[in-house]
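Residues per chain, in single letters:
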Amino acid sequence: MKSIKRTLLSLAICFAVTAPCLAQQSADELLDEIEAAHAEQLDRFQRLRDILKDLPMPDPEPDPDPVPRDGIWISPAEVAALPDGPLWENVKDYAERPASPNVSNQNELSNVITMAKALAYVRTGDDRYREEVIELCDEVIGTEDDAGNDSRTLSLGRKLCAYIIAADLVGLPDDVDSRFKFWLLAVRDRELKGKTLISTHEGRPNNWGTSAGASRLAIALYLGEQAEVERCAQVFKGWLGDRSSYAGFKYGELSWQADPDRPVGVNPKGSMKNGRNIDGVLPDDQRRGGRFRWPPPKENYIYTALQGVVAQAIMLDRAGYDVWEWEDQAIKRAFVWMHDIADYRAEDAGGDDVHMLPVIESVYGLDYWDGSPCEHGKIVGFTGWTHGD
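In this text, all values refer to a predicted model and were calculated from it rather than measured experimentally.

A. Geometry of the confidence of the model for the protein chain. Considering every residue of the protein chain, the mean pLDDT works out to 89; 83% of them sit at 70 or more. With pLDDT under 50 throughout, residues 57–62 is counted as low confidence; its partners more than four residues away or in other chains account for zero contacts.

Written as structure tokens, this is what we have:
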């Protein structure tokens, strides 16, 4: 305050020197007048601020329209440029295996075998592989009921996506493609044990929902339904933590949530609880190991959920969405928490989880993969060859 008065006094002296009429006034009088004028100006600014505060904010600039790349999963040109070696030999090994499609069986391998045959066709041009993919995509139609009363959207979500990727890679003949597309439209809304792919995706914030989201998104991309793709992106972004994008999930026990009043699929950056780092935890799958405690249980349901997450992220990225950066790189933070904080590596959880690591290494630079051929996942496979560095 003293420095302000000194400044004002200096101004008053200047006025006194340059304006004889002002010089007749005392310095104190000048100071009082200047302070009064200053106070009046501050009052005007405050009233203007109050007026502006009540005005509606302008709409934010919309995100730029996504610019998609060729192919739901990968383009033929990209496949042609991939290297030979052990990773390619692994694809060929699976491409030679027999398959019997059944999307009601959550443990069947025909989905990734079909995907391998499609990749082998694109790479080699051998029509034998394409004919097999066409036949398998035709045979898979209607198999969502093959488990009878045990048919569930969990199986459908896990198994359907790879058939769609395979169909996209080889290009189905018109007659088969028409049947396949008609079935995709129907199976998306098919109720299995009271749930559909859509209701599972939008209601279950765990491995059920992420698997359903992968197949739902693949359907939308294959059918060219941009509004449905956008809806999938909104739900996925909400699951990653942006509740303004979507917050309609039904959560279970909340002790692993950073904020139980605002639950999310991935805990926000910097989240702590009782002095422990829970940044990147998937609370609705981590709860399967019990309520919050430390050391954290090594819960493999998280890696199962991340299989659906990585599959969606790859497809959304190709569709033009900056998904790997969403919510402070939520996908990266989830892997870091599992690998570094919970001390639970994907290879320790089960062989079919390792296939995600080449993708994560390529996108984020995390050194979690040793470069060797990976087991297929539950939803897709061969990412070491198609998406690794």
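B. Expanded view of the nonpolar core. Of all hydrophobic cores here, the largest spans 106 residues; its most connected members are Phe 180, Ile 331 and Phe 335. Once residues lying within four places of it in the same chain are set aside, the contact partners of Ile 331 are Phe 236, Leu 240, Val 309, Ala 313, Val 323, Trp 324, Ile 360 and Tyr 364.

C. Up close: a negative patch on the surface. On the surface, Asp 127, Glu 131, Glu 135 and Glu 139 cluster together into a negatively charged patch. Secondary-structure assignment places Glu 139 in helix H7 (residues 127–139). Under the relative-accessibility criterion, Glu 139 is labelled partly exposed at 38%.

D. Fine view of the packing of helix H8 (residues 153–170) against helix H11 (residues 207–223). Two elements in contact, H8 and H11, have axes separated by 8 Å at closest approach and are oriented at 30°. The angle between H8 and H11 falls in the class roughly parallel. At the point where H8 passes H11, the crossing takes the left-handed sense. In this structure, H8 contributes Thr 153, Leu 154, Leu 156, Gly 157, Arg 158, Leu 160, Cys 161, Ile 164, Ala 167 and Asp 168 to the contact, and H11 contributes Asn 207, Trp 208, Ser 211, Ala 212, Ala 214, Ser 215, Ala 218, Ile 219 and Tyr 222. Classifying every residue of the contact of H8 with H11 by side-chain character gives twelve nonpolar, five polar and two charged.

E. Seen up close, the side chain of Arg 130. Turning to its location among the elements, Arg 130 is positioned in helix H7. No salt bridge is formed by the buried Arg 130. Its closest oppositely charged neighbour is Glu 131, at 4.1 Å. Once residues within four sequence positions are removed from consideration, Arg 130 is found in contact with Tyr 121, Val 170, Gly 171, Leu 172 and Pro 173.

The rules behind the values
- Residues numbered from 1 in each chain as written.
- Predicted model: local features only at pLDDT ≥ 70, side-chain atom pairs only at ≥ 80, totals over all residues.
- Heavy atoms only, no water.
- pLDDT = per-residue confidence, 0-100.
- Contact = heavy atoms within 4.5 Å.
- Core = buried A, V, L, I, M, F, W, Y, C linked by side-chain atoms within 4.5 Å.
- Buried < 20%, exposed > 50% of the residue type's maximum accessible area, 1.4 Å probe, protein only.
- Patch = residues over 30% accessible without salt bridge, like charges linked within 9 Å, V, L, I, M, F, W, Y side chains within 5 Å.
- Areas by Shrake-Rupley, 256 points an atom, 1.4 Å probe, with all protein chains shown as cover.
- Salt bridge = Lys/Arg side-chain N within 4 Å of Asp/Glu carboxyl O.
- Lys, Arg positive; Asp, Glu negative; His and termini not counted.
- Charge placed at Lys NZ, Arg CZ, Asp CG, Glu CD.
- Helix = DSSP H or I, 4+ residues; strand = E, 2+ residues; numbered from the N terminus.
- Axes fitted to C-alpha atoms, helices over the stretch in contact; angles between N-to-C directions.
- Parallel < 35°, antiparallel > 145°, perpendicular 65-115°, else oblique.
- Left-handed = near helix turned anticlockwise from the far one by under 90°.
- Nonpolar A, V, L, I, M, F, W, Y, C, P; charged D, E, K, R; others polar.

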